[in-house]
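Per-entry structural report
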Amino acid sequence: PRKPPIKNIDRFEKTNLFYAVKDKNKFKDQTVCIFGGGDSALDWTVELSKIAKKIILIHRREEFRAAHHTVTLAKDLEKKGKVEILTCYQPTDFEGDKSIKNVKIKHDNGDQRDLKVDSVLAFFGLKMELGPIANWGLDLEAKSLKVETKSFQTNENGIFAIGDICTYPGKLKLILSGFHEGALCAQECFKRARPEEKYVFRFTTSSSDIQKRLGVK
Ligand SMILES: Cc1cc2nc3c(=O)[nH]c(=O)nc-3n(C[C@H](O)[C@H](O)[C@H](O)COP(=O)(O)OP(=O)(O)OC[C@H]3O[C@@H](n4cnc5c(N)ncnc54)[C@H](O)[C@@H]3O)c2cc1C
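The rules behind these values
Residues numbered from 1 in each chain as written. Predicted model: local features only at pLDDT ≥ 70, side-chain atom pairs only at ≥ 80, totals over all residues. Heavy atoms only, no water. Domains from an automatic or database assignment. Buried < 20%, exposed > 50% of the residue type's maximum accessible area, 1.4 Å probe, protein only. Helix = DSSP H or I, 4+ residues; strand = E, 2+ residues; numbered from the N terminus. Pairing = 2+ DSSP bridges. Right-handed = clockwise from strand over helix to strand, strands pointing away. Salt bridge = Lys/Arg side-chain N within 4 Å of Asp/Glu carboxyl O. Near = heavy atom within 4 Å. Polar contact = N/O pair within 3.5 Å; in protein donor to acceptor, adjacent residues only side chain to side chain. Areas by Shrake-Rupley, 256 points an atom, 1.4 Å probe, with all protein chains shown as cover. Nonpolar A, V, L, I, M, F, W, Y, C, P; charged D, E, K, R; others polar. Phe/Tyr/Trp six-rings, centres within 6.5 Å; stacked < 30°, edge-to-face > 60°. Axes fitted to C-alpha atoms, helices over the stretch in contact; angles between N-to-C directions.

**Some words on the domain arrangement of the chain**
Here the domain parsing of the chain yields domain 1 (9-122) and domain 2 (131-210). The C-alpha-based centres of domain 1 and domain 2 are spaced at 38 Å.

Quick look at the structure:
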């Protein structure tokens, strides 16, 4: 995840700073500070407002990127006092010993505020980092691996890429696209791994053999 630009932020990651919600009940009756303006920030603002004591949503811009419907829901919750929305603010410091007790934020106009919180959720998006793969000599475009769309092979013979890590004209970063790419890629990999075996195309809905292997009754 992309982290808030706060010094030594890692020390709070074991206590009350989160980049995802694993168990929403953790936030029951808490004052939760949510950073971000996209779908994750707005979705969790609405969802957690049902169980939290209070949600403070902070975004660095006036406008939100999230779905219009969710933004409207959050603004309605603000009118009911369940949510406080602070725009054009950015975090400047998280104070506390082991856990964050006080969040310091600064408005574009210089105004500073201190917020007493029980938990902080930061939804600043995800960082694409290829790690060592970046040095494998593979063709890259915008930190993604270029592939051809028949078998999803990269420029390196025998190295394939599917899902968000790959790119090609028209690529959409969707779960559906990842499955499609996986199916085509697997066919090519099968040929390479088992050149002696005949490839037979079958549907999971009608092949009893595949259903047996998958444990479907
Ligand atoms: C907020 C948000 C909402 C979305 N909503 C939708 C939606 O509604 N519908 C939809 O179709 N798509 C949606 N997407 C897109 C969808 O999530 C992705 O397209 C999909 O998850 C890509 O799958 P993937 O397996 O390629 O990558 P990922 O799901 O990112 O999986 C990659 C995995 O690799 C792991 N990993 C990374 N580095 C290493 C390493 N060095 N060693 C071992 N493991 C590693 C990661 O931890 C991760 O678990 C959404 C994405 C986001 C961010």
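From this point on, the discussion continues.
**A look at the pairing of strand β3 (residues 54-59)**
Of all the 6 residues making up β3, 5 are buried; the element is thus mostly covered by neighbouring parts of the structure. Here 5 bridges tie strand β2 (residues 31-35) to β3, and the two strands are oriented parallel to one another. In the sheet register, Val32 faces β3, and the bridge partner there is Ile55. Following the chain from β2 across helix α1 (residues 39-48) to the adjacent parallel β3, one finds a crossover that is right-handed. In this sheet, strand β4 (residues 83-87) lies alongside β3 in parallel orientation, the contact comprising 5 bridges. Considered in β4, the bridge of Ile55 is made with Val83. In this fold, the crossover linking β3 to β4 by way of helix α2 (residues 68-79) has right-handed handedness.

**Looking at the pattern of salt bridges**
One pass over the structure, following the stated rule, counts 15 salt bridges. Among the salt bridges present, the one from Lys146 reaches Glu141, with a minimum N-O distance of 4.0 Å. Exposure remark for Lys146: the relative accessible area of 37% places this residue in the partly exposed category. Note that Lys171 and Glu181 form a salt bridge whose closest N and O atoms lie 2.9 Å from each other. Taken together, the residues Lys171 in the loop between β11 (166-167) and α3 (175-193) and Glu181 in helix α3 connect sequence positions 10 residues apart.

**Digging into the site of the ligand**
In the vicinity of the ligand, the residues found are Ser40, Gly163, Asp164, Lys173, Leu174 and Ile175. Between Asp164 and the ligand, the recorded distance is 2.8 Å, taken from a side-chain N or O atom to an oxygen atom. Here an oxygen atom of the ligand sits 3.4 Å away from a polar atom, N or O, in the main chain of Leu174. Computed on the free molecule, the ligand has an accessible area of 1000 Å², of which 26% lies beneath the protein chains in the complex. Looking at side-chain class alone, the shell around the ligand contains 2 nonpolar, 2 polar and 2 charged residues.

**Examining the packing of aromatic side chains**
Considering all chains together, one arrives at 6 aromatic pairs under this definition. Here Phe18 and Phe27 contribute two aromatic rings whose centre-to-centre distance is 5.5 Å and whose plane-to-plane angle is 85°, an arrangement assigned as edge-to-face. The burial state of Phe18 is the same as that of Phe27; both residues are buried. The interplanar angle of 70° and the centroid separation of 5.5 Å between the aromatic rings of Phe152 and Tyr168 together place this pair among those described as edge-to-face. Taken together, the residues Phe152 in the loop between β10 (144-146) and β11 and Tyr168 in the loop between β11 and α3 connect sequence positions 16 residues apart.

**What about the sheet that holds strand β1 (residues 17-18)?**
In spatial order, the strands read β1-β8-β2-β3-β4; together these 5 strands make up an open sheet with parallel pairing. At either margin of the open sheet sits one strand with a lone partner, and together these are β1 and β4.

**Quick look at the pairing of strand β8 (residues 119-122)**
Here β8 shows two buried faces, one formed by Ser119 and Leu121 and the other by Val120 and Ala122. Direction of pairing for β1 relative to β8: parallel, over a ladder of 2 bridges. Bridge pairing links Phe18 to Leu121 in β8. In this sheet, β8 lies alongside β2 in parallel orientation, the contact comprising 4 bridges. Note that in β8 the partner of Val32 across the bridge is Ser119.

**Overview of the sheet that holds strand β6 (residues 102-107)**
Strand order in this open sheet of 3 strands is β5-β6-β7, and the pairing throughout is antiparallel. Either end of the sheet is taken by a strand with one partner, and the two such strands are β5 (89-95) and β7 (112-116). Across this sheet, the average inter-strand angle for adjacent strands is 25°, counted without regard to direction. Bridging between β6 and β7 involves 5 bridges; their strand directions are antiparallel. What sits directly across from Lys106, in β7, is Gln112.

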